[in-house]
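# Structural features, examined
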Amino acid sequence: MNSLRKKLDKIKLHFEEGGKLSKLRSVFEGFEAFLFVSDRVTVKGSHIRDNIDLKRTMIIVVLALVPALLFGAYNTGLQHFRSIGVDAALLQAFWFGFLRILPLIIVSYVVGLGIEFIAAQIRGHEINEGFLVTGLLIPLIMPIDVPLWMLALGTAFAVILGKEVFGGTGMNVFNPALLARAFVFFSYPGWMTGDNVWTEGLTKGQNIIDGFSGATPLSMCTLGNTADLPSFMEMFIGTIPGSVGETSTVAILIGALILILTGTGSWKIIVSVFGGGLLMGLLLNAISANTYMELPFYYHFVMGGFAFGAVFMATDPVSGAQTEKGKWIYGFMIGILSILFRVLNPAYPEGVMLAILFMNIFAPLIDHFVVQSNIRRRLRRAEITIGNKSLTHETSMY
Amino acid sequence: MSRTINLKRGYNIPITGAAEKAIAGESNNPIRFGVKPVDFPGLTPKLEVKSGDRIKAGTPLFHDKNRPEIKFTSPVSGVVISVERGERRRILEVVIERSGNDYIDFGKTDPAFLSREKITERLLMSGLWPAVRQRPYHVIAKPGDQPKSIFISGFDTSPLAPDFDFIMENLPAPMFKTGISAIAKLTDGKVNIVLKKGAPKPPLPDNVDAVEISYFSGPHPAGNVGIHIHHLDPVNKGEVVWYINLQDVIAIGNLFGQGIYKPERLIALTGSEVINPQYYKGLSGGSVAPMIRDNIRSWNLRYISGNVLTGTKINADGYLGYYDSQVTVIPEGDKYEFFGWALPGTDKLSFSKTFLSSLFPKKMFKPDTNFHGGERAFVVTGQYEKVLPMDIYPMQLIKAIITEDIDLMENLGIYEVAEEDFALCEFICPSKIEIQSIIRNGLDLMIKEMS
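All of these numbers come straight from a predicted model, not from anything done at the bench.

Conventions and cut-offs
- Residues numbered from 1 in each chain as written.
- Chains lettered and ligands numbered in written order.
- Predicted model: local features only at pLDDT ≥ 70, side-chain atom pairs only at ≥ 80, totals over all residues.
- Helix = DSSP H or I, 4+ residues; strand = E, 2+ residues; numbered from the N terminus.
- Buried ≥ 20, exposed ≤ 12 C-beta atoms within 10 Å, placed from the backbone.
- Contact = placed C-beta atoms within 7 Å.
- Rg over C-alpha atoms; globule rule 2.2 N^0.38 Å.
- Nonpolar A, V, L, I, M, F, W, Y, C, P; charged D, E, K, R; others polar.
- Pairing = 2+ DSSP bridges.
- Domains from an automatic or database assignment.
- Axes fitted to C-alpha atoms, helices over the stretch in contact; angles between N-to-C directions.
- Parallel < 35°, antiparallel > 145°, perpendicular 65-115°, else oblique.
- Expected span 1.5 Å × (residues − 1).
- Left-handed = near helix turned anticlockwise from the far one by under 90°.

### Description of the overall build of chain A
The number of helices and strands found in chain A is 16 helices and 1 strand. Reported as C-alpha extents along the three principal axes, the dimensions of chain A are approximately 95 × 70 × 35 Å. The burial tally for chain A puts 51% of its 398 residues in the buried class. A fraction of 71% describes how many contacts in chain A between residues 6 or more apart in sequence connect residues 24 or more apart.

### Some words on the overall build of chain B
A count of helices and strands for chain B gives 10 helices and 20 strands. Taken over the C-alpha trace, chain B has a radius of gyration of 22 Å; the compact-globule value for 451 residues is 22 Å, and the two agree within 12%. Expressed as lengths along the three principal axes of its C-alpha atoms, the size of chain B is roughly 65 × 50 × 45 Å. Taken across its 451 residues, chain B has 53% of its residues classed as buried. Relative to all contacts within chain B whose residues are 6 or more apart in sequence, the contacts with residues 24 or more apart total 69%.

### Quick word on unusual backbone geometry
All names here are of chain B. Following arginine 135, the chain continues to proline 136 via a peptide bond in cis, the omega torsion being 0 degrees. Within the fold, proline 136 resides in the loop between strand S9 (133-135) and strand S10 (139-140). A cis amide bond links histidine 220 to the next residue, proline 221, at an omega of 10 degrees. Residue position: proline 221 is located in the loop between strand S13 (211-217) and helix H4 (225-232). Within the chain, glutamate 404 stands out as a residue other than glycine whose phi angle is a positive 55 degrees. Within the fold, glutamate 404 resides in the loop between helix H7 (394-402) and helix H8 (406-411).

### Here we look at the interface of chain B and chain A
In this complex, chain B contributes 61 residues to the contact, which on the side of chain A involves 52 residues. Of all the elements in the fold, those that place two or more residues in the side of chain B that touches chain A are strand S17 (301-305), strand S20 (337-338), H7, helix H9 (423-428) and helix H10 (435-450) of chain B. Residues of the side of chain B that touches chain A, tallied by class, amount to 26 nonpolar, 21 polar and 14 charged. For strand S1 (residues 36-37) of chain A and S20(B), the ladder comprises 2 bridges, and the chain directions are antiparallel. Bridge pairing links A:Val37 to B:Glu337 in S20(B).

### Focus: the domain arrangement of chain A
All names here are of chain A. Assigned domains of chain A: these are domain 1 (1-49) and domain 2 (54-372). Each of domain 1 and domain 2 was reduced to a C-alpha centroid, and the two centroids are 36 Å apart. Across the boundary between the two partners, domain 1 contributes 7 residues, which contact 5 residues of domain 2. When its residues are assigned to classes, the side of domain 1 that touches domain 2 shows 2 nonpolar, 2 polar and 3 charged.

### Some details on the domain arrangement of chain B
All names here are of chain B. Annotation of chain B at the domain level lists domain 1 (29-98), domain 2 (119-258), domain 3 (264-331) and domain 4 (371-450). Computed over C-alpha atoms, the centres of domain 1 and domain 3 are 20 Å apart. In this complex, domain 1 contributes 11 residues to the contact, which on the side of domain 3 involves 11 residues. Taken together, the residues that form the side of domain 1 that touches domain 3 break down as 5 nonpolar, 2 polar and 4 charged.

### Quick look at the sheet that holds strand S15 (residues 264-270) of chain B
Residue and element names in this part refer to chain B. If you walk across this open sheet you meet the 5 strands as S16-S15-S19-S17-S18, and the pairing is mixed. Bordering the open sheet on either side are strand S16 (279-283) and strand S18 (312-314), each of which pairs with just one other strand. In this sheet, adjacent strand axes meet at a mean angle of 30 degrees when their direction is disregarded. Bridge count for S15 against strand S19 (residues 326-331) is 3 bridges, and the pairing is parallel. Looking at S19, one finds that leucine 269 is bridged to valine 327.

### A short note on the sheet that holds S13(B)
All names here are of chain B. One open sheet holds the 7 strands; their spatial order is S1-S13-S12-S11-S14-S9-S10, and the pairing between them is mixed. In this open sheet, the two strands that pair with only one neighbour each are strand S1 (4-6) and S10. Across 3 bridges, the pairing between S1 and S13 is parallel. What sits directly across from isoleucine 5, in S13, is phenylalanine 216.

### Thoughts on the packing of helix H3 (residues 54-83) of chain A against helix H10 (residues 249-261) of chain A
All names here are of chain A. Orientation of H3 relative to H10, taken along the N-to-C sense of each, is 170 degrees, at an axis distance of 8 Å. On the basis of the axis angle, H3 is roughly antiparallel to H10. Between H3, through Ile60, Val61, Leu63, Ala64, Leu65, Pro67, Ala68 and Phe71, and H10, the contact on the second element is made entirely by Ala251, Ile252, Ile254, Gly255, Ile258 and Leu259. The residue makeup of the contact of H3 with H10, split by class, is 13 nonpolar, 1 polar and no charged.

### Let's talk about helix H1 (residues 2-15) of chain A
Helix length check: H1(A), at 14 residues, gives a terminal C-alpha distance of 20 Å against a target of 20 Å (1.5 Å per residue), a fit within 8%. Sparse coverage of H1(A) is indicated by the burial of 0 of its 14 residues.

### Let's talk about the pairing of S17(B)
All names here are of chain B. Of all 5 residues making up S17, 5 are buried, and the element is well covered by its neighbours. As defined by bridge partners, S17 adjoins S19 across 5 bridges and the pair is classed as antiparallel. Note on S19: the bridge partner recorded for leucine 301 is proline 331. Of the strand pairs in this sheet, S17 and S18 are connected by 3 bridges, and their pairing is antiparallel. Looking across to S18, one finds that isoleucine 304 is bridged to lysine 313. Counting the residues in the hairpin turn of S17 and S18 gives 6 residues, including glycine 306, whose phi is positive at 110 degrees.

### So, the packing of H10(A) against helix H14 (residues 306-313) of chain A
Residue and element names in this part refer to chain A. Interaxial distance between H10 and H14 falls to 10 Å at its minimum, and their mutual angle equals 15 degrees. Viewed along their axes, H10 and H14 adopt a mutual orientation that is roughly parallel. For the pair H10 and H14, the sense of crossing is left-handed. Seen from H10, the contacting residues are Thr249, Ile252, Gly255, Ala256 and Leu259; seen from H14, they are Ala307, Phe308, Val311 and Phe312. Residue composition of the contact of H10 with H14, by class: 7 nonpolar, 2 polar and no charged.

### Side note on the environment of A:Gly326
All names here are of chain A. Position of glycine 326 relative to the elements: it lies in helix H15 (residues 324-344). Residue classification places glycine 326 among the buried residues on the basis of 25 C-beta atoms within 10 Å. Taking C-alpha positions, glycine 326 is 9.2 Å from leucine 365, a pair spaced 39 residues apart along the chain. Look past the residues within four positions of glycine 326 in its chain and what remains in contact with it is Ala321, Ile366, Asp367 and Val370.

Here you go:
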């Protein structure tokens, strides 16, 4: 460590103001801070500081995403081998899928971090850690066959127009990862919907066995074909077609557990999204106007991106509600709208993405009302005291 | 009628180095004393002495340029040996070398027979008025104001804070009673003494019925006077509440009971780097050098007058602050840590549960002054609320201050807060935002706007 530290100190000079590599200062600082927690000490305010920083916070979220990522790799392989009628072993499927996912992750990180580095240099800020999570989220909510250039465009769109124009991490209105998905979804709908994109190789159509459809449970439901759905257990475990990381509710729940136990993700939002989904599901069950509405409400939790959205997207602290009361309302509305969009809007089989982006817009408004009630409480308190005072004043006059 | 309020939100930072309940011998009395204008936010000092002047205990050293009646006096008799200045000739401290035992006689009188004006005048003359502070703004009180009540906090929950049970045991009861009678004259409202739940009552004068005792329980900042005021008699716009440190009540007692300025107090020497952490009898402004001599474990240390959250950095031969009764010594943290943010962290102090150390809730830590990261924008939400037991939205208030939105600051409760109430928010902040400075800036901005 010490020799590495010495080397860093030696080359550090070149990156400082006036050095020949000063244009890469923020890049150097980013890597330095990645390797070493700085020797900076407190100057004003509290003399000691908590060990937590945003790197730690973000790495916990990344850790929580790992189960979904690993399962996603396995499932990518599994779906592929199923489509060509091969009975693959677990490791074989995993390795196959892992190699297919890796390029998505690399492209997402390279494009996103590249833009972040440039933005940090322009602003003279340190590199922000937010993209550590976003960069992994983006591949996990894409279909495996999405072309890499599309992924790159979506990522660039999300980082530049979704985040940097607002002032960078912490200032964005929308969840950047969802924005990347929305960009690809609306710009290249052919690559984000249908039955072919969810299984590796299906778009090329080679060696596919007869009878393999590759349809996701959601698209089956939209067509009213609820009879052919995989079993609840199969969808819960996640061996179904879908976006890379969204299929396994089990893996996502493990992630949720990590987020909740470490206090990194808001349990209030996670619980209330499921609460909202539950209520809407029950309501639709009660109406039961078509076969989709008749689908038992708990199926919604294991289909599509509902669980993934609830655990990893809705809990984004920047684009979500920031007051504790607001978080309940925010999550609940996401749950309700997700199921509502899903079942009642034939154009989009998946409703979670739009529900969360929609509620991102309303999160500040929710917070506004919560904060206003605090302000009113304070003003009322003042009126009571002033009222009492004028009363005593009057009595003393007589 | 006594009220008990149980608070849940907050955090007792688990660090080692609390003071043993023992009082060190007289041999530790310091020779040098320093009175520091920087202890008083917003003060523009005007010197009344120069280097070489012979002074008594109670001689004014400087006064507030904007309110000349507010004097700051010497705690001991002796000679002014220097006036230390910083950037732009700002006065940092007036240093006195103690000799002799001369006191200015302010007259010994039972405060029961004095008018409010007389008591105020005597506090002003003697240099004890600055011990009276006010909400809003957490600054020295305005002598002409009518406070709706006065608060005295009878316990301290900050890290390694002096144990007030021990301080109460050693309280000079007659002087404390005299102090309370004097303070009771300063308001038409109540004098609220707030104690830790279960603590014994302090000695009180018989003839004063304005005193009300309340009890609080809970983790830090449950002992902060701002929290007490918020829950018992909150400050609305246009209202003023005053507060006085418990040990300054004794100094006020000394003023009326003996006619002298003698800001005596028990001082807790604390921190992981102190070999023998214990209590010292001393005066406000005393040099910390005698208590630290031969009593520290290592080099490269941070000396703090006060506690680790709100205290002031001083030198190893620096002086105890006007409002402080605690000295803390901890290691400096100016070293790099390889992959510090990624390690499992069984030995890392954190309010969050993101390090393995959270599996050992009883573990005590020896924190240093490392910043543990870099400054970022607000990202994580819902954290500050966990350590601020007030009906206030901390992040929203901080943002209102940053954007200098006066109306919003007012609406969100700026009148009720002080930087010390937000110290834990600053400690736990993953974005490393300097929250205490922001709050102070907000308070200063309000003072400017409202004057």
